[in-house]
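So you can see what is in the structure, the chains are spelled out below.
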Amino acid sequence: ADYFARPKLLAGRKVVVTAGPTRERIDPVRFLTNFSSGKMGYAMAEAAAEMGAETVLISGPVTLPVPKGVQRIFVESAEDMLNAVNAEYETADVVIKTAAVADYRPIDVHSQKMKKQAGGSTLELERTTDILQHLGKTKTHQLLIGFAAETNDVGHYAKDKLERKNADYIIANDVSEAQAGFESDTNRVTVYGKGGFEQSFEMMPKLELARRLLGLIMEKEDLHDR
Ligand code: CTP
Ligand code: CA
């Protein structure tokens, strides 16, 4: 009975998770996107809800079912995601940015379908807002957790993102590795935190990994002090 009486680590807390890819429109029938499946973000949201958090999942276009106990908000573009996260930010205790946000979007979004022409073509792009960096700049009390997908120099780039975005943790995975990242149901990550904190996890199913990641971070952080 004692086991069930143990208070949940995230009871009374609000956790906002972003997941999936974003879509940046070119014209009414075309867009730029990436290979994110949304699975890791959905697993993080499921784990947060299990741990007792009020959980809001801001999701790019994916076909995954909404996890039990989670409120899902669908968005399309990086800008939509930025607006949705901003609306939840002040009341959030923890923000987890699992989404693979597009770094660039087309400068011109054509209102009619573009017709093909003779010869080649170029697409002019501009940068989207870095949502995590924006959250890092405007942080008041929130715990900020980012992800990083890298194909090389994982530790170097992850630590750089931790600093640059003023995040509390960066969870990095090597997407060049088979069975880790994107479409996979398993993942293998290393967590980087302030003050040189570093911990690697074995390859495991994404939900199990999400539970362990949240367990680790929430035991290290005493949210009551924030
Ligand atoms: N991120 C974000 N907004 C963006 C781009 C990235 O919030 N426009 C967040 C991601 O959700 C993730 C973290 O930043 O939590 C790292 O994303 P990643 O793509 O690995 O890093 P970038 O800073 O975009 O750098 P690069 O793609 O050049 O490696
Ligand atoms: Ca990026």
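Parameters at a glance
Each chain has its residues counted from 1, following the order in which its sequence is written. Here every chain gets a letter starting at A, and every ligand a number starting at 1, in the order they are written. Reporting of local features is limited, given that this is a predicted model, to residues whose pLDDT is at least 70; pairs of side-chain atoms are given and counted only at 80 or more, and all residues count toward the totals for whole chains, interfaces and linings. Strands here mean DSSP runs of E at least two residues long; helices mean DSSP runs of H or I at least four residues long; both are numbered from the N terminus. It is over C-alpha atoms that the radius of gyration is taken, and the globule rule equals 2.2 Å times the number of residues to the power 0.38. Using C-beta atoms placed from the backbone, we call a residue buried if 20 or more other C-beta atoms fall within 10 Å of its own, exposed if 12 or fewer do, and partly exposed for counts in between. Contact between two residues is assigned when their C-beta atoms, built from the backbone, lie within 7 Å. For two strands to count as paired, DSSP must find a minimum of two bridges between them. We call a residue near a molecule or strand when its C-beta atom, built from the backbone, sits within 6 Å of it. UniProt positions are given in the numbering used here, feature names are shortened, and annotations may be inferred rather than shown by experiment.

Caption draft 1: Quick peek at the overall build of the protein. Scanning the protein from N- to C-terminus turns up 6 helices and 14 strands. In summary, the protein has a C-alpha radius of gyration of 18 Å against a globular reference of 17 Å for 226 residues, a match within 12%. Seen through its principal axes, the protein has C-alpha atoms that stretch 70 × 35 × 30 Å. For the protein, the residues scored as buried account for 39% of the 226 residues in total. Sequence-distant contacts, at least 24 apart, represent 60% of the contacts inside the protein between residues at least 6 apart.

Caption draft 2: Layout of the pairing of strand E13 (residues 197-200). Taken together, the 4 bridges between strand E12 (residues 189-193) and E13 define a ladder with antiparallel strand orientation. When the bridges of E13 are listed, Tyr-192 appears paired with Glu-198.

Caption draft 3: Focus on the site of ligand 1. Residues in close proximity to ligand 1 total 14 residues, the closest being Lys-97, Val-101, Ile-131, Leu-132 and Gly-146. Those elements that provide at least two residues to the shell around ligand 1 are helix H4 (131-137) and strand E9 (143-150). It is E9 that provides the largest number of residues to the shell around ligand 1, a total of 4 residues.

Caption draft 4: Fine view of the UniProt feature "binding site: CTP" (unreviewed entry) in the protein. Per the UniProt annotation, the sites labelled "binding site: CTP" (unreviewed entry) are Asp-103, Lys-113, Phe-147, Lys-161 and Lys-165. Considering the C-alpha atoms alone, the annotated residues occupy 63 residues of sequence and remain spread out, their largest mutual distance being 37.5 Å. Residue placement: Asp-103 occurs in the loop between strand E6 (94-97) and strand E7 (104-106). Setting aside anything within four residues of it in sequence, one finds Asp-103 in contact with Arg-127 and Thr-128. Tracing the sequence through the fold places Phe-147 in strand E9. Among residues more than four places away in sequence, those in contact with Phe-147 are Lys-97, Thr-98 and Ile-171.

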